[in-house]
Amino acid sequence: MNQPMNFYSNADHQLSVLGDQPYPAFELRNIIRYFDTHEASFSARLLEHIKVTREELLNDTVAAFKVLAALKFCAQHFGPIAGARIGATYQVSDLGVFGYAVASAGNLGHAFEIESKYYSLLGNLLKRSNAFIDNTMYATMYNVQNIDDESLAFFVALGNSSRIHISRSIFGDDISFDHVQFTFDDESNRQEYEALYGCKVKFNCPQNSWALDTRLFNRERKDGNNADCTRYLPYCNELMAQLRQKESLVNDIQQIFVNCAGDYPDIEMLASAFNVSSRTLRRQLANVGTSYQKILNKVRCQLSIEYLIRTDIAIEDISNLIGFSDVTNFRHAFKKWVNKTPSAYRKMYQQKHSADKK
C-alpha cells in the first residue's frame with residue numbers, strides 16, 4: 001500500500017461538497033428569499049423538491065446534495081441568468097461572520113486575501129485558481145466536484161454576481177470586473193449579464209473565469225468605519241473546524257480513501273468496514289446524491305492536484321500513487337476533472353506562484 005501524503009491540513013483543500021457533507025445554508029436561504037419576493041409559488045415547489053423545511057433553512061448548514069439539487073432545479077426552470085439575478089441581492093450580513101470579516105478589511109485587496117483563506121466557508125463547490133499578470137487578477141473556476149453543466153452554469157453566474165455586488169457595497173459602487181468568461185451559452189441575456197457585472201461577457205469559453213484590475217485593490221471601505229477584521233477571523237477558523245467535524249458518511253469514506261491512497265478498498269471491503277452489505281452502502285450513497293465512484297474520483301482529483309502543485313514528482317509516478325496503472329488513463333481522467341492536462345495544470349500553478357513572488 002502506498003504511503004499517502006498528509007495534504008488535508010489546509011482548510012482550502014479539506015472541505016468538499018459531496019452527498020451528506022455539510023454545506024453553508026446561506027446559499028439556499030438567499031435563493032428562497034429571492035423567489036419569495038419574485039415568484040413565491042416556486043419557493044414552495046423548490047423546498048418540496050429538495051425536502052427542506054423553512055425551519056431547516058435557519059440552520060448553519062444543510063446537506064450538500066440538497067443544495068446541489070436546488071441549484072439544478074432552479075437552473076432547469078429559469079436558466080443561469082436567474083443565478084446572476086439572485087447574486088445581485090446578496091448582502092454582507094447574508095454571509096455571517098465571514099461577511100463581517102470581509103466587510104471590515106482595510107481595502108479590497110485585503111478582502112480578497114480573506115476570501116481566499118476562508119474560501120471553504122463559502123461552500124467550496126468549485127476550486128479557484130488565481131493568477132496575476134501585469135495589473136490584472138485572473139480567477140479561474142474548476143469543476144472538481146464534477147457537477148452537471150446546468151447546475152454549474154447557474155452557480156457560476158450566481159457566484160460572480162454576489163462577489164461583485166458585495167464588493168460594491170463595501171468598497172464602491174463603481175467596482176466592476178474587467179471581463180467575465182462562461183463555458184455555457186446564454187447570448188439572449190448578454191445585455192443583462194453585462195449590466196450586472198459591469199463588463200463584457202464572453203460565452204462558450206474553455207473555462208469559467210473572471211478578471212479584475214488589481215489597481216482597485218487599494219480601494220478602502222466607502223463607509224469609513226473603523227471595524228477590525230481580526231476580531232472576526234478567529235470565528236472563521238472555528239466555523240471551518242466545525243464543518244470538518246460534522247458527522248458524515250461521505251466524510252468517513254473520503255478519509256478512508258485518503259489514508260489508502262493508491263490502494264483503495266472496493267465497495268465490498270468498504271461496506272464491510274461499515275458493517276453493512278455493499279447493496280445497502282450503494283443505496284445509502286445514492287440517497288444522498290453520490291456514489292462510491294464519485295467519492296473516489298473526488299479524492300483522486302484532490303490528491304493529484306496536491307502532488308502537482310506541492311511536489312516535483314513525475315506525472316507517471318503521480319498516476320501510480322493515486323491508483324492508475326496507466327498514465328494515459330490518468331491524463332484523460334484529470335483533464336475531465338479540471339479541463340486541463342496534468343502538465344498544463346502544474347505549469348499554470350508554477351507561473352502563478354512565480355508571479356506572486358514578484
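The structure under discussion appears in the preceding block.
This section reports on the structure supplied with the text. Not measured: the values here are computed from a predicted model. (Residues numbered from 1 in each chain as written. Predicted model: local features only at pLDDT ≥ 70, side-chain atom pairs only at ≥ 80, totals over all residues. Heavy atoms only, no water.)

1. What about the overall build of the chain?
Convention followed: The way it works is that DSSP assigns letters per residue, a run of H or I at least four long becomes a helix, a run of E at least two long becomes a strand, and they are numbered from the N terminus. Remark: exposure states derive from per-residue accessible area (1.4 Å probe, protein chains only) relative to the maximum for the residue type, with buried under 20%, exposed over 50%, and partly exposed in between. The contact definition used throughout considers only heavy atoms, calling two residues in contact when any of these lie within 4.5 Å. Methods summary: accessible areas were calculated by the Shrake-Rupley approach with a probe of 1.4 Å, and residue burial reflects only the protein chains presented.
Helix and strand counts for the chain stand at 17 helices and seven strands. Taken across its 358 residues, the chain has 54% of its residues classed as buried. Sequence separation of at least 24 residues holds for 72% of the intrachain contacts in the chain that already meet a minimum separation of 6. For the chain, the accessible surface area stands at approximately 16700 Å², while carbon and sulfur atoms represent 47% of it.

2. A closer look at the sheet that holds strand β7 (residues 208-213)
Put simply, the rule is: DSSP-based pairing: two strands are paired if at least 2 bridges between them are found. Only C-alpha atoms enter the line fits that serve as axes; for helices the fit covers just the stretch in contact. Angles between N-to-C directions range over 0 to 180 degrees.
Pairing within the open sheet is mixed, and its five strands lie in the order β3-β4-β7-β5-β6. Each of the sheet's edge strands pairs with one partner strand only, and the pair in question is β3 (127-133) and β6 (200-202). If you compare each strand with its neighbour and ignore which way they point, the axes differ by 15° on average. The pairing of strand β4 (residues 136-142) with β7 spans six bridges and is antiparallel. Paired with Ala-139 across the two strands is Trp-210, which belongs to β7.

3. Points about the pairing of β3
Examined bridge by bridge, β3 and β4 share seven bridges and lie antiparallel to one another. Bridge pairing links Ala-131 to Tyr-138 in β4. Once β3 ends, the chain turns through two residues before running back antiparallel as β4, passing Asp-134 with a positive phi of about 55°.

4. Focus on the pattern of salt bridges
As a reminder, the rule being used: Every case where a carboxyl oxygen of Asp or Glu lies within 4 Å of a side-chain nitrogen of Lys or Arg is listed as a salt bridge.
According to the stated counting rule, one finds 14 salt bridges in the structure shown. Put simply, Lys-72 and Glu-150 hold a salt bridge, and the shortest N to O gap is 3.6 Å. Taken as a pair, Lys-72 in helix α4 (residues 64-78) and Glu-150 in helix α8 (residues 149-171) lie far apart in primary sequence, 78 residues in all. With relative accessibility at 29%, the residue Lys-72 sits in the partly exposed group. Members of the salt-bridge network, linked through shared partners, are Lys-72, Asp-148 and Glu-150.

5. Examining the packing of helix α11 (residues 249-259) against helix α13 (residues 278-287)
Quick note on the threshold: Here the word oblique covers every angle except those under 35 degrees (roughly parallel), over 145 (roughly antiparallel) and from 65 to 115 (roughly perpendicular). We call Asp, Glu, Lys and Arg charged. Ala, Val, Leu, Ile, Met, Phe, Trp, Tyr, Cys and Pro are nonpolar, and the rest, Gly among them, are polar.
It is the contact of α11 with α13, at a shortest axis distance of 11 Å, that shows an interaxial angle of 120°. Taken as axis vectors, α11 and α13 run oblique relative to one another. Listed contacts from α13 to Leu-249, Val-250 and Ile-253 of α11 are Leu-281, Gln-284 and Leu-285. Partitioning the contact of α11 with α13 into residue classes produces five nonpolar, one polar and no charged.

6. A few points about the packing of aromatic side chains
The line we're drawing: Ring geometry is summarised as follows: Phe, Tyr and Trp rings, the Trp one being its six-membered ring, pair when their centres sit within 6.5 Å, and such pairs are stacked at plane angles under 30 degrees, edge-to-face over 60 and tilted between the two.
Counted by the stated rule, this structure contains 26 aromatic pairs. On the numbers, 5.7 Å between centres and 85° between planes, the contact of Phe-257 with Tyr-264 is edge-to-face. Taken individually, Phe-257 and Tyr-264 each receive the classification buried, so the pair is uniform in this respect. Aromatic ring contacts, followed pair by pair, group Phe-112, Phe-177, Phe-182, Phe-184, Tyr-193, Tyr-197, Phe-203, Trp-210 and Phe-217 into a single cluster.

7. A few points about the side chain of Ser-162
The condition is simple: Between N or O atoms, a polar contact is any pair within 3.5 Å; within protein, one atom must be a potential hydrogen donor and the other a potential acceptor, and residues adjacent in sequence are included only when both atoms are from side chains.
Here Ser-162 shows up in helix α8. For Ser-162, a relative accessible area of 10% puts it in the buried group. From its side chain, Ser-162 meets the backbone oxygen of Gly-159 in a polar contact 3.1 Å long. Excluding residues within four positions of it along the chain, Ser-162 makes contact with Gly-87 and Tyr-90.

8. A closer look at unusual backbone geometry
Despite not being glycine, Asp-134 has its phi angle at roughly 55°, a positive value. Along the chain, Asp-134 turns up in the loop between β3 and β4.

9. Some details on the environment of Asn-189
Within the secondary structure layout, Asn-189 lies in the loop between β5 (179-181) and α9 (190-197). For the pair Asn-189 and Pro-80, spaced 109 residues apart in sequence, the C-alpha separation works out to 9.5 Å. Here Asn-189 is in contact with Ile-81 and Arg-85, once residues within four sequence places are set aside.

10. Comments concerning the nonpolar core
We apply this condition: Buried Ala, Val, Leu, Ile, Met, Phe, Trp, Tyr and Cys residues form a nonpolar core when they are joined through side-chain atoms within 4.5 Å.
Within the largest apolar cluster, 78 residues are counted, with the highest numbers of intra-cluster contacts made by Ile-31, Leu-46, Phe-154, Phe-182, Tyr-193, Tyr-197 and Trp-210. Here the element with the most residues in this core is α8; it accounts for eleven residues. Leaving out residues up to four positions away in the same chain, Tyr-197 has contacts with Ala-84, Ala-157, Asn-160, Ser-161, Ile-164, Arg-168, Ser-176, Phe-177, Val-180 and Phe-182. Membership of the second largest hydrophobic core comes to 35 residues, among which are Val-144, Tyr-264, Val-338 and Tyr-345.

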